[in-house]
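Overview (structure and organization)
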Amino acid sequence: MPTRCRYFCYGVIPCLVVLIATPGIPASISPFTTGSLRALAAARGFWIGAGDIHIWPLSADVQYRDVLAREFNILTPGVAMKFEVVQPDVDRFTFDTGDAIVAFARAHDMRVRGHTLVWHAALPQWLTAGQFSHDRLAAILKDHILTEVGHFRGRVSAWDVVNEGLNGDGTLRDTIWFRALGADYIDQVFRWARRADPDVSLFYNEFGAEGMGPKSDGLYRLVRGMLERGVPIGGVGLQMHVSLNDGPRPAEVAANMRRLAALGLEIQITEMDVRIQDTPGPLAEKLTAQARYYHDILRACLAVPRCTALLTWGISDRDSWIPGYVGHDDAPLLFDAAFASKPAYDALARALAGR
Ligand code: G3I
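Overview of the structure.

On to empty space enclosed by the protein. Here the structure, examined in full by the defined rule, presents one cavity of 30 Å³ or more. Space inside the largest cavity adds up to approximately 30 Å³. Residue classes in the lining of the largest cavity are distributed as four nonpolar, four polar and two charged.

Next comes the structure, spelled out in structure tokens:
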């Protein structure tokens, strides 16, 4: 399993920002070919992207940068905007990696999804071991949200305000934030985010709630209640981390999207990857089936007017988080480890072209 080499490299970040921001450097540092996914997506006002974007490959790997800029018109940083990175100490905020990734996106006319403000993971040690009172935790979270959303105001198109707040049965997950602020914490943090930026789209982002079932029913009840209470939620992110042999059926995903859209919410597929290694059979057949699944999910999204984006979680199989998660290699994305496009890439191009 190739080790994933992702570092916060302070020596590189200023170079990256200089490279991108210096006038005279071509705005796009990579050839922009027609027929790319982003060209096909732009033709129909759709956002096609890659998430889990990290500063190290972005500043050191030309292929990574070129494919990202050539094929996608939206990106999500993997960790640069998460609590543990942005606020390494209670009284210290650092935005340099987030700023560098945003600078790259703006230099290539790409949107950025902010990810993520309120999550039970990626929290710094000073917070989780701090023995803070509930009131103090609430004040820390409010300051975190107002500071970070304010910092990126006008430079990100959407925020995953709350990430993964539900259990598998659709009830609220018992997290540090649930315990500190109470059962209405999600309403509260969305209001804080809106106060810091009156224009950005505010999303609730979840895994395992893409099809129809207890978790997606719980998600539907959650966001319907938020809308009824006047909470400024604008969209739902369906992560779509799935396996070929047990992913939600595209028809169910379509039904779930339609009911969310009927509430007036925007839907985005935010972190799609399709594992194939736990499916038996020859690799070529699995890659074909993977392509069909990507195709059918994107078609389901395109059939719902309020479904506005599909992002994969990573660009190439080399950088995917999946091998570290499942403990063995896999090939879940659109490009292989050598950044060659796979059948899944062609399948998304066909779907974007209406075929
Ligand atoms: O950059 C440091 C490096 O300096 C250090 O040597 C190394 C070892 O400690 O850690 C590196 O940071 C890691 C970071 O990824 C960059 O590789 C963190 O430890 C690690 O926790 C972090 O994992 C990310 C994880 O979220 C937690 O933030 C994954 O890359 C990222 O794919 C994953 O993404 C999540 C979404 O945010 C939410 N949906 C699920 C998805 C997959 O878990």
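After that view, the rundown keeps rolling.
The next subject is the state of the cysteines. Taken as a whole and assessed by the stated rule, the structure comprises one disulfide. The disulfide partner of C301 is C307, and the gap between their sulfur atoms is 2.0 Å. The disulfide joining C301 to C307 has a torsion of about -100 degrees about its S-S bond and is therefore left-handed. Since its relative accessible area comes to 0%, C301 is described here as buried. Residue class for C307 comes out buried when judged on its relative accessible area of 4%.

Another point: the pattern of salt bridges. Within this structure, the stated rule accounts for 12 salt bridges. A salt bridge links R92 to D89, with the shortest nitrogen-to-oxygen separation between them at 2.8 Å. Taking the shortest distance from any N to any O, the salt bridge between R155 and D99 comes out at 3.0 Å. Taken together, the positions of R155 in the loop between α8 (134–151) and β4 (158–163) and D99 in helix α6 (residues 96–107) put the pair 56 residues apart, joining distant regions of the chain. The class for R155 is partly exposed, based on a relative accessible area of 22%. The network of salt bridges with common partners includes D61, R318 and D319.

This part takes up helix α4 (residues 62–71). Most of α4 sits out of view: seven of its 10 residues are buried. Listed as buried for α4 are Y64, R65, D66, V67, L68, A69 and E71. Among the structural elements, α2 (37–42), β1 (47–53), α3 (55–60), β2 (74–77), α6 and α15 (343–352) are those in contact with the buried residues of α4.

A few words on the pairing of β2. Taking every second residue as pointing to the same face, both faces of β2 are buried, with I74 and T76 on one and L75 and P77 on the other. Across three bridges, β1 lies against β2 in parallel orientation. Within the sheet, the bridge partner assigned to G49 lies in β2 and is I74. Where β2 and strand β3 (residues 111–118) come together, two bridges link them in parallel fashion.

Calculation notes
- Residues numbered from 1 in each chain as written.
- Predicted model: local features only at pLDDT ≥ 70, side-chain atom pairs only at ≥ 80, totals over all residues.
- Heavy atoms only, no water.
- 1 Å grid on protein atoms, 1.4 Å probe; cavity = no way out; pocket = protein on both sides within 12 Å on 5 of 7 lines; lining within 4 Å.
- Points joined across faces, edges and corners; volume = space filled by probe spheres on them.
- Nonpolar A, V, L, I, M, F, W, Y, C, P; charged D, E, K, R; others polar.
- Disulfide = S-S within 2.5 Å.
- Buried < 20%, exposed > 50% of the residue type's maximum accessible area, 1.4 Å probe, protein only.
- Salt bridge = Lys/Arg side-chain N within 4 Å of Asp/Glu carboxyl O.
- Helix = DSSP H or I, 4+ residues; strand = E, 2+ residues; numbered from the N terminus.
- Contact = heavy atoms within 4.5 Å.
- Pairing = 2+ DSSP bridges.

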